[in-house]
Amino acid sequence: MNKNVLIRLGGISKSYDGEVVLDNIDLTIHDKEFITLLGPSGCGKTTTLRIIGGFETPDAGDVYFEDKRINDLPPYKRQVNTVFQRYALFPHLNVFDNVAFGLRVNKTPDAEIREKVKEMLELVNLKGFERRKVNTLSGGQQQRVAIARALVNRPKVLLLDEPLAALDYKLRKDMQVELKNIQHKTGITFIFVTHDQEEALSMSDTVVVMSKGKIQQIGTPTDIYNEPVNAFVADFIGESNILDGVMPEDVKVKFAGQTFVCVDGGFDKNEPVDVVIRPEDVDVVKPEAGMLVGLVTGVTFKGDYYEIIVDVKGFKWMLETSDFVGEGETIGLSIDPDAIHVMKKSEYSGLFGDYSSFSDELDKLSDATEEVEAE
Amino acid sequence: MKKKSFLSRVADAPYLLWMILFIVAPMLFVIYFAFTDRNGGFTFENITSLSSYSGTFVMSLSFSLIATVICLLIGYPLAYCMAKASKKARNILLVLLMLPMWISLLIRTYSLMALLDNGGLVSSLLVKMGLPKLTFIGTEGAVILGMIYDFLPYMVLPIYTSLVKLDVRYAEAAQDLGCNGPKTLFRVILPLTMPGVVSGVTMVFVPSISTFYISQKLGGGSFDLIGDTIERQFQNAVTYHTGAAISLVMMILILLSLFVMNRFADKEEIIV
Ligand SMILES: Nc1ncnc2c1ncn2[C@@H]1O[C@H](COP(=O)(O)OP(=O)(O)O)[C@@H](O)[C@H]1O
Ligand SMILES: [Mg+2]
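Keep in mind it's a predicted model, so treat the numbers as computed, not measured.

S.K.: Provide a residue-level description of the overall build of chain A, including the pertinent values.
M.R.: Along chain A, the regular secondary structure elements total nine helices and 20 strands. Here the C-alpha coordinates of chain A stretch approximately 80 × 45 × 40 Å along the principal axes. Across the 375 residues of chain A, 52% fall into the buried class. Taking the average location of the 42 positive side-chain charges in chain A and that of its 62 negative ones, the two points are 10 Å from each other.

Right, dumping it as structure tokens:
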């Protein structure tokens, strides 16, 4: 990844009818980067993208493209193309004419148009679909046409607003790989929007986690997963047990009534903190060998591992284990120092990370509603 | 199930009866009269004799075509502005547009006549301002203006509806791909609102080509359109047969043009 700054958002704020949708967003996007805006539905991802595309003007703050302020530049003059949330393919044009649209507008010679459209349809695996009506295509095919239609113009930046949300699981996985390949081949900067954390982690160079119109954390997928800055990020990215703790001194943290050795430091003496422990980082051991002891209250088979809920002094932990343990069994928990991640308290403290009301069904239900909203 | 379908059939009956009485029966009468002579014998003569009316046909056709084109040229931008206006302004404009539609066409035509009459309001204003007085009634322009004035709302409404229904994402996609305002309009918005244009054109063209009172009131009697001719034939029992023949030919012409226009719209295969 090359380190030239391509786009910079400086202090962007936006409200609709007095409701703050974006609150002082600062973001730097580099050339050839695959950057993902990740956050729950309604957190302002689409609005951010629309400001970059030129479809919305920020109430405050500036948008820079290659160091030029472009706040007032209309969309058709920006070197940015968009794959819209529901594709917005032109229903009066066939596949070829949809893809050729931007080239025709720019008065490209016919022979060159034919050449480029052909090349682009090959890139997205739609050779032979030129004459098809767009409304006779499947969701996945429409999605590829939308990508081809945007990419054929060789934009500096491609904006993708939840492009995979409407596809089924298998196709979504395939398209993730394909998109990543296309980005590699073309060397175009991708700004990708999703509410799916798995998708964000597997595809991106940089992940931007958003909540309630604010950026919570910017970092590589590994950073975001291993070093979440607050309870919101820890909970949103993967599964987390988040406990109340205090730091009596550096590399010592007290939670669940005991003091543990950890690797974090730099807090005030006895500062209250949030402690994150990932389910896969806890070893399940015999009760007498455990640092903590708990009662198993739920077991779910997940294919290659079991997901168990363990009650430790009233706090419900989620753990992953490859060995079967039965409901009602008493087990010990062993936690390595580098499995313990300490975070400063935030407005999200105490909201997440306890699995006492957890059920798989609920999780799936909320996922489903999120997808309906994304439609 | 059976009971329900019986009930629904009973509920349909009045409409069926209405259609038979007021649509099918008159059509059959028209066809009957068109192909019979005064003694009730079968004949093609009514149809073949129509060639003497070809001048009238051409004049009606050109008047209504001109009126339709002008309605489209005024109506599309008007509908576009309405669709773009704020919700409040949009509703006010809509009421203003619909208001005249609640008044009888005949009365609207009369009021236009009073306004434009050679001694009417506009004319006397002009005279007061020291300009020559208006001699407008009795010209082609007056008849065409009457058509435009009476039928413009029927052009605007369907276009407005299709513009409002059009998803803004299409316009945004066009801008995203390099279209400025005019290019967005001509490459995306216009083609996608073609169904509205087609119904607007139909709703202006059909009443324009068959009108009779507009030409009588505003044309000052100097223009005999197809509608006038038909009306005259039916005022005299002896010429019913010619009147029916003209009506039949008109009906077929209109059906043909509707068919052609709908094919045109179908070709776009628009899903809104
Ligand atoms: N044009 C608009 N008018 C009013 N509210 C809007 C508009 N666009 C977005 N919003 C609101 O702004 C918030 C953020 O929206 P959006 O950026 O679409 O979120 P996301 O894409 O992350 O789901 C939502 O609460 C949404 O209702
Ligand atoms: Mg969105």
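Read on for the rest.
S.K.: A description of the interface of chain A and chain B should follow, citing residues and the corresponding values.
M.R.: Opposite the 24 residues of chain A that make contact, chain B presents 20 residues. Counting the surface chain A buries against chain B, the share from its top three residues, Tyr76(A), Pro91(A) and His92(A), is 27%. Counting across the interface, chain A meets chain B through one salt bridge. With its nearest N and O atoms 2.8 Å apart, the salt bridge here joins Arg50(A) to Glu172(B). Connecting chain A to chain B are seven residue pairs in polar contact (both at pLDDT 80 or more).

S.K.: An account of the pattern of salt bridges is needed here, citing residue identities and associated values.
M.R.: All names here are of chain A. Summed over the entire model, instances satisfying the criterion amount to 24 salt bridges over all chains. Aspartate 244 serves as the salt-bridge partner of lysine 345, at 2.3 Å between the closest nitrogen and oxygen. Taken together, the residues lysine 345 in the loop between β20 (341-344) and α9 (360-374) and aspartate 244 in strand β11 (residues 241-249) connect sequence positions 101 residues apart. By relative accessible area, lysine 345 is classed as partly exposed at 34%. For aspartate 244, a relative accessible area of 56% puts it in the exposed group. Where aspartate 274 meets lysine 345, a salt bridge forms, and the shortest distance between an N and an O atom there is 3.0 Å. With a gap of 71 residues between them, aspartate 274 in strand β14 (residues 271-277) and lysine 345 in the loop between β20 and α9 connect regions that are remote in the sequence.

S.K.: Which residues make up the site of ligand 1, and what are the values?
M.R.: Residue and element names in this part refer to chain A. Within the structure, ligand 1 sits among Tyr16, Val21, Pro40, Ser41, Gly42, Cys43, Gly44, Lys45, Thr46 and Thr47. Separating an oxygen atom of ligand 1 from a backbone N or O atom of glycine 44 is a distance of 3.0 Å. Within the contact set of ligand 1, an oxygen atom lies 2.9 Å away from a backbone nitrogen or oxygen of lysine 45. Alone, ligand 1 offers 560 Å² of accessible surface; in the complex the protein occludes 60% of this. In terms of residue count, the dominant contributor to the shell around ligand 1 is helix α1 (residues 45-53) (three residues). Within the shell around ligand 1, the residues separate by chemical class into four nonpolar, five polar and one charged.

S.K.: Please set out the pairing of strand β17 (residues 306-312) of chain A residue by residue, giving values where relevant.
M.R.: Residues and elements named next belong to chain A. Most of β17 is tucked away, with six of its seven residues classed as buried. In this structure, strand β16 (residues 292-301) lies alongside β17, joined through six bridges in antiparallel fashion. Across the sheet, phenylalanine 301 pairs through a bridge with tyrosine 306, a residue of β17. Connecting the antiparallel pair β16 and β17 is a turn made up of four residues, with glycine 303 showing a positive phi of about 100°. In this structure, β17 lies alongside strand β18 (residues 315-321), joined through seven bridges in antiparallel fashion. Within β18, the residue paired with isoleucine 308 across the bridge is leucine 319. Here β17 hands over to β18 after two residues, with lysine 313 in that stretch at a positive phi of 50°.

S.K.: I'd like a description of helix α10 (residues 194-210) of chain B, backed by residues and values.
M.R.: Under the 1.5 Å per step criterion, the end-to-end length of α10(B) is 24 Å for 17 residues, consistent within 8% with the ideal 24 Å. Among the residues of α10(B), Met194(B), Gly196(B), Val197(B), Val198(B), Gly200(B), Val201(B), Thr202(B), Val204(B), Phe205(B), Ser208(B) and Ile209(B) are the ones counted as buried.

S.K.: Hey, could you go over the confidence of the model for chain A for me, with residue numbers and the actual values?
M.R.: Model confidence for chain A is summarised by a mean pLDDT of 91, while 94% of its residues fall at 70 or above. Every residue in residues 364-375 of chain A is under pLDDT 50, and counting partners more than four places away or in other chains gives twelve contacts.

S.K.: Which residues make up the sheet that holds strand β4 (residues 60-65) of chain A, and what values go with them?
M.R.: All names here are of chain A. One open sheet accounts for four strands, arranged β2-β1-β4-β5; its pairing is antiparallel. Of all the strands in the sheet, just β2 (19-30) and β5 (68-69) have a single pairing partner and so form its edges. Here two bridges tie β4 to β5, and the two strands are oriented antiparallel to one another. Paired with phenylalanine 65 across the two strands is lysine 68, which belongs to β5. Sheet strands in contact with α1 are β1 (5-16), β2 and β4, and its direction is about 120° off that of β1.

S.K.: Go over a negative patch on the surface, please, and point to the residues and values.
M.R.: All names here are of chain A. On the surface, Glu280, Asp281, Asp283, Asp336 and Asp338 cluster together into a patch of negative charge. Residue placement: glutamate 280 occurs in the loop between β14 and β15 (282-285). With relative accessibility at 34%, the residue glutamate 280 sits in the partly exposed group.

S.K.: An account of the environment of Arg278(A) is needed here, citing residue identities and associated values.
M.R.: All names here are of chain A. Checked against the element boundaries, arginine 278 lands in the loop between β14 and β15. Sequence-wise, arginine 278 and isoleucine 340 are 62 residues apart; in three dimensions their C-alpha atoms are separated by 8.3 Å. At a separation of 2.6 Å, a polar atom in the side chain of arginine 278 contacts the main-chain carbonyl oxygen of isoleucine 237.

S.K.: Break down the packing of helix α8 (residues 168-176) of chain B against helix α9 (residues 181-192) of chain B for me, citing the residues and quoting the values.
M.R.: Residue and element names in this part refer to chain B. Viewed as axis vectors pointing N to C, α8 and α9 meet at an angle of 155°, and their least axial separation amounts to 10 Å. Taken together, α8 and α9 sit at an angle that is classed as roughly antiparallel. Note on packing geometry: the crossing formed by α8 with α9 is right-handed. Residues Tyr170, Ala171, Ala174 and Gln175 of α8 form the contact with α9, whose own contacting residues are Thr184, Val188, Ile189 and Leu192. Of the residues in the contact of α8 with α9, the class split is six nonpolar, two polar and no charged.

S.K.: Can you tell me about a nonpolar patch on the surface, naming the residues and giving the values?
M.R.: On the surface, Leu16(B), Leu17(B), Trp18(B), Met19(B), Ile20(B), Leu21(B), Phe22(B), Ile23(B), Val24(B), Met27(B), Leu28(B) and Ile31(B) cluster together into a nonpolar patch covering about 1,200 Å² of accessible area. Residue position: Val24(B) is located in helix α1 (residues 2-34).

S.K.: Describe the nonpolar core, naming the residues involved and giving the relevant values.
M.R.: Among the nonpolar cores identified, the biggest contains 53 residues, and Phe90(A), Phe101(A) and Met147(B) are the most heavily contacted of them. Elements supplying a minimum of two residues to this core: α2 (95-105) of chain A together with α3 (54-84), α5 (105-116), α7 (140-165), α8, α9, α10 and α11 (213-218) of chain B. Apart from residues lying up to four places away in sequence, Phe90(A) is in contact with Asn98(A), Phe101(A), Val134(A), Arg149(A), Tyr170(B), Ala173(B), Ala174(B), Leu177(B) and Val188(B). Listed in part, the 37 residues of the second largest apolar core include Leu89(A), Val99(A), Leu137(A) and Val152(A).

S.K.: A description of the sheet that holds strand β6 (residues 80-83) of chain A should follow, citing residues and the corresponding values.
M.R.: Residue and element names in this part refer to chain A. As summarised here, the arrangement of the six strands in space is β6-β7-β8-β3-β9-β10, forming an open sheet in which the pairing is mixed. Every interior strand has two partners, whereas the edge strands, β6 and β10 (214-219), have only one. The mean inter-strand angle of the sheet, taken between neighbouring strand axes irrespective of direction, is 20°. Sheet analysis places strand β7 (residues 157-161) next to strand β8 (residues 189-194), joined by five bridges and oriented parallel. Within β8, the position partnered with aspartate 161 by the bridge is valine 193. Contacts from α1 reach β3 (34-38), β6, β7, β8 and β9 (206-211) within the one sheet, and its direction differs from that of β7 by about 150°.

The rules behind these values
- Residues numbered from 1 in each chain as written.
- Chains lettered and ligands numbered in written order.
- Predicted model: local features only at pLDDT ≥ 70, side-chain atom pairs only at ≥ 80, totals over all residues.
- Heavy atoms only, no water.
- Helix = DSSP H or I, 4+ residues; strand = E, 2+ residues; numbered from the N terminus.
- Buried < 20%, exposed > 50% of the residue type's maximum accessible area, 1.4 Å probe, protein only.
- Lys, Arg positive; Asp, Glu negative; His and termini not counted.
- Charge placed at Lys NZ, Arg CZ, Asp CG, Glu CD.
- Contact = heavy atoms within 4.5 Å.
- Buried area = accessible area lost by both parts, 1.4 Å probe.
- Salt bridge = Lys/Arg side-chain N within 4 Å of Asp/Glu carboxyl O.
- Polar contact = N/O pair within 3.5 Å; in protein donor to acceptor, adjacent residues only side chain to side chain.
- Near = heavy atom within 4 Å.
- Areas by Shrake-Rupley, 256 points an atom, 1.4 Å probe, with all protein chains shown as cover.
- Nonpolar A, V, L, I, M, F, W, Y, C, P; charged D, E, K, R; others polar.
- Pairing = 2+ DSSP bridges.
- Expected span 1.5 Å × (residues − 1).
- pLDDT = per-residue confidence, 0-100.
- Axes fitted to C-alpha atoms, helices over the stretch in contact; angles between N-to-C directions.
- Patch = residues over 30% accessible without salt bridge, like charges linked within 9 Å, V, L, I, M, F, W, Y side chains within 5 Å.
- Parallel < 35°, antiparallel > 145°, perpendicular 65-115°, else oblique.
- Left-handed = near helix turned anticlockwise from the far one by under 90°.
- Core = buried A, V, L, I, M, F, W, Y, C linked by side-chain atoms within 4.5 Å.

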